[in-house]
Amino acid sequence: MTKIFIALFALFSFSINAQTNVRAWYADGQVWIVWNMQLPLPETVRVFASPDLFLSTAEATQIGRPFHLDYLPTALKEQVDTSATWRIPDGNGGKYQLGLTEGLFVYTPHNAGSRYFAVVADGETIVIPGVNITDESVSYFYDPINDPVECHLQSSFLSPFSNEHFCLAYSMWVDGRDNQWESRPDFPVMANAAKNGMPGFFFISVPLDLDTSKLFALSVWLHGGGGIAHQSLAGSRRDVNVDPHDGILLAHNDDVFGRRGSTPAFIENPSLHFGWRKNWDPFTSDNIPVTPDTIINYTQRRYLWTDQWLMRRFNVDPNRIHIHGHSMGSWGATGMAKAFPEHYASAAIFNNGFRGHEPGTNMAAMFGETAAHFPTNLKKRNGETVHYPEPYDITTNTSSQRDLPVFRSFHSKNDIGDANYWGVDVVNQYRAADADGHGMALYWSERSHGIDTGPDFDDHWVNGTTATTQTAVDNVAWGEVLYRSDVSYPAFYNHRLDVNANEPGDGAPGTGPFGNGDDWGTWGADPTEQLEGQFRFACRTSFALDQAAVADDV
């Protein structure tokens, strides 16, 4: 990442004391504020607005404070092209490609109006006409129905992992407010006020032979901690074949830049694919909460809205939306499928430890310590508040809905690191899900944490019965064809009581290399037929099955 900014610095042959040439215009439901950047790049700049011309920031309202990682296309530079710049609507029906020395902030209005906009480096208060404020008051409009907020294409290219898929890189810019319920009809609040205007970056992978005249599936892949969206382009992760055939693939980038305790803002700062607490201050080091705070599902809202945008703009089948994720991405996929179960046809999760983040990490700045169980804005079916880390387990209801989509959980008995390790928590979750009638397909096997470690352990869910046989049940294409959200399926549970069932053990280390119990197995699915890639089971599962019926079913 440092190389990106060194290259940028080399383009400047002068030094100035203020952001200059500030311009702004309205297009596609938002106001686009562009300026020439000062060197050295300020860590943050402040954006101010007022209906009247102002000469001091004290005379205006601050509408944003983006980090340089926000006002530059950081993810686009890192994952597509180090020389990339933002590509935005120009206000006249065309596109404007920012120069290498230009920064961007995007403001989402909630009413029609007209304002002057100024950009100053953090710590500066002077506003100079003709330098760091728009020359005129900029008019903007508010028409959520006829002129809604949009996503914007940044780049397109053939997938580096597959010559059968074309990839599109998109960005959108969020609306951040202190009150999370003050959403526009077309655009939910997706950040607190401190992160207003932050970009959200994602990729779409499209099969070259996809018939887009017909409804097609949408499959979402969420990356792990420290990962990036680029890792989940079509053709990647060959061990589980992230390879859409009958639809498109969406890969989100989970970056929320800001200080986390003593840790400064840096790339690949995640929100655990969920959100962050309402009063998180990303600009100070003293931001570890000492009192309870509500965690808002800002990121979940962004992901859900992106799906809805794709359904409006493309021929996505609303009944064939699937979500997948590994490690931290499995937390996100679990959280989304539980919070919005009617939205998804299936969920496939890999190596979810069901615990939330480890104690004593800098993630406490955004979520509080795991043991503090901060409340979220989500509600359970009976109206009770969902607490962190309940969104990430597989046994706690986190929505008003009873049923879940088809749920497949894969874990590894050689996963011994961080919050996702194989242990008592994982086995207890499996036992509870099987006992309570959730109807999930639960798998365990020999590999370690990484999906690509399967061949090192002759992993049965990757290698199948032989080293050259790859299973189908964990692939993107498996869910695309088989599952729909408007169909209910038979569910299998109490599988652990079958005398012929596999046994995962108790989660504690055993005498063998994989702990006690069977090295590999499944509950809720037939292992032999699954290995052959045949359709054996499907389930639209329930948190509220009649317990008498559950007790009688083995």
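In this numbering scheme, every chain counts its residues from 1 along its sequence in written order. The predicted nature of this model means local features are confined to residues of pLDDT at least 70 and side-chain atom pairs, given and counted, to a pLDDT of 80 or more, with totals for whole chains, interfaces and linings taken over all residues. Values shown for side chains rest on all heavy atoms present in the structure; no hydrogens or waters enter the calculation.

Asks: Can you walk me through the overall build of the protein chain in this structure?
Replies: Helix and strand labels come from DSSP, where a helix needs a run of H or I of at least four residues and a strand needs a run of E of at least two; each type is numbered from the N terminus. The helix and strand inventory of the protein chain stands at eleven helices and 23 strands. Exposure categories follow from relative accessible area, calculated using a 1.4 Å probe and restricted to protein chains: below 20% of the type maximum is buried, above 50% is exposed, and the middle band is partly exposed. Looking at the protein chain as a whole, 60% of its 554 residues qualify as buried. With the model as given, the accessible surface of the protein chain reaches about 20400 Å², and the carbon-plus-sulfur share is 51%. Computed by Shrake-Rupley with a 1.4 Å probe, the accessible areas treat only the displayed protein chains as cover when residues are assessed.

Asks: When you look at the environment of valine 174 in this model, what are you seeing that I'm missing?
Replies: Looking at where valine 174 falls in the secondary structure, it is placed in the loop between β11 (165-173) and β12 (199-207). You can call valine 174 buried: its relative accessible area is 0%. Separated by 21 residues in sequence, valine 174 and lysine 195 have C-alpha atoms that sit 8.4 Å apart. Leave out the neighbours within four places in its chain, and valine 174 touches Thr108, Phe187, Met190, Ala191, Lys195, Asn196, Gly197, Met198 and Arg302. Two residues form a contact once any of their heavy atoms are found within 4.5 Å.

Asks: Explain the packing of aromatic side chains to me, please; I cannot follow it from the model alone.
Replies: For any pair of aromatic rings, the description consists of the separation of the ring centres together with the inter-plane angle of the planes. Here a pair means two rings of Phe, Tyr or Trp (six-membered ring of Trp) with centres within 6.5 Å. Their orientation is stacked below 30 degrees between planes, edge-to-face above 60, and tilted elsewhere. The full count for this structure, using the stated rule, is 27 aromatic pairs. An angle of 75° between the planes, with centres 5.0 Å apart, marks the rings of phenylalanine 187 and tryptophan 305 as edge-to-face. Of the two residues, phenylalanine 187 sits in the loop between β11 and β12 while tryptophan 305 sits in helix α4 (residues 298-313), which places them 118 residues apart along the sequence. With a centroid separation of 5.0 Å and an interplanar angle of 10°, the aromatic rings of phenylalanine 350 and phenylalanine 410 are classed as stacked.

Asks: Please explain the pairing of strand β2 (residues 30-36) as it appears in this structure.
Replies: The side chains of a regular strand alternate, first on one face of the sheet and then on the other. Counting buried residues in β2 gives six out of seven residues, a clear majority hidden from the surface. If DSSP finds at least two bridges between two strands, the strands pair. Adjacent in sequence and paired antiparallel, strand β1 (residues 20-27) and β2 are bridged by two residues, among which aspartate 28 carries a positive phi angle near 50°. Pairing analysis gives six bridges linking β2 to strand β7 (residues 102-107), with the strands arranged antiparallel. Each residue of the ladder has a partner; that of valine 31, found in β7, is tyrosine 107.

Asks: Mind showing me how you'd approach the side chain of serine 330 here?
Replies: With respect to the element layout, serine 330 can be found in helix α5 (residues 328-339). By relative accessible area, serine 330 is classed as buried at 0%. With residues up to four places along the chain from it excluded, the contact list for serine 330 reads Gly325, Ile349, Phe350, Asn351 and Asn352.

Asks: What am I meant to see in the side chain of aspartate 415 here?
Replies: Along the chain, aspartate 415 falls in the loop between β21 (406-412) and α7 (424-435). It turns out aspartate 415 is buried and unbridged, and the closest side chain with the opposite charge, arginine 447, is 6.2 Å from it. A positive count includes Lys and Arg, and a negative count includes Asp and Glu. His and the chain ends are not counted in either. Any carboxyl oxygen of Asp or Glu that lies within 4 Å of a side-chain nitrogen of Lys or Arg is treated as forming a salt bridge with it.

Asks: Is there a simple way to think about empty space enclosed by the protein in this case?
Replies: One way to see where empty space is left: roll a probe the size of a water molecule over the atoms. The rule is simple: put a 1 Å grid over the protein atoms alone, call a set of points where a 1.4 Å probe fits but cannot get out a cavity, call an open set with protein on both sides within 12 Å along at least five of seven lines a pocket, and count a residue as lining if it has an atom within 4 Å of a point. Grid points are joined across faces, edges and corners, and a volume is the space filled by probe spheres set on the points. As enumerated under the stated definition, the model contains four cavities of 30 Å³ or more in all. Space inside the largest cavity adds up to approximately 120 Å³. Around the largest cavity sit 15 residues that line it, and Ala75, Pro199, Phe201, Asp255 and Phe257 are the ones nearest its centre.

Asks: Sorry, what's going on with the environment of tryptophan 221 here?
Replies: Summarising the element assignment, tryptophan 221 is placed in strand β13 (residues 216-222). A relative accessible area of 1% means that tryptophan 221 is categorised as buried. Sequence spacing of tryptophan 221 and serine 330 is 109 residues, and the spatial spacing of their C-alpha atoms is 9.2 Å.

Asks: Is there a simple way to think about the sheet that holds strand β8 (residues 113-121) in this case?
Replies: Strands belonging to one sheet form pairs held by backbone hydrogen bonds; the direction of such a pair is parallel or antiparallel. Pairing in this open sheet of four strands is antiparallel, and the strands run β4-β3-β8-β9 from one edge to the other. Both outer strands of the open sheet, β4 (61-64) and β9 (138-140), are each paired with one neighbouring strand and no more. The sheet shows a mean angle of 45° between the axes of neighbouring strands, direction not considered. Pairing geometry for strand β3 (residues 45-50) and β8, over six bridges, is antiparallel. Within the sheet, the bridge partner assigned to valine 45 lies in β8 and is alanine 121. To obtain an axis, a line is fitted to C-alpha atoms, over the contacting stretch when the element is a helix, and the angle between two such axes runs from 0 to 180 degrees between their N-to-C directions.

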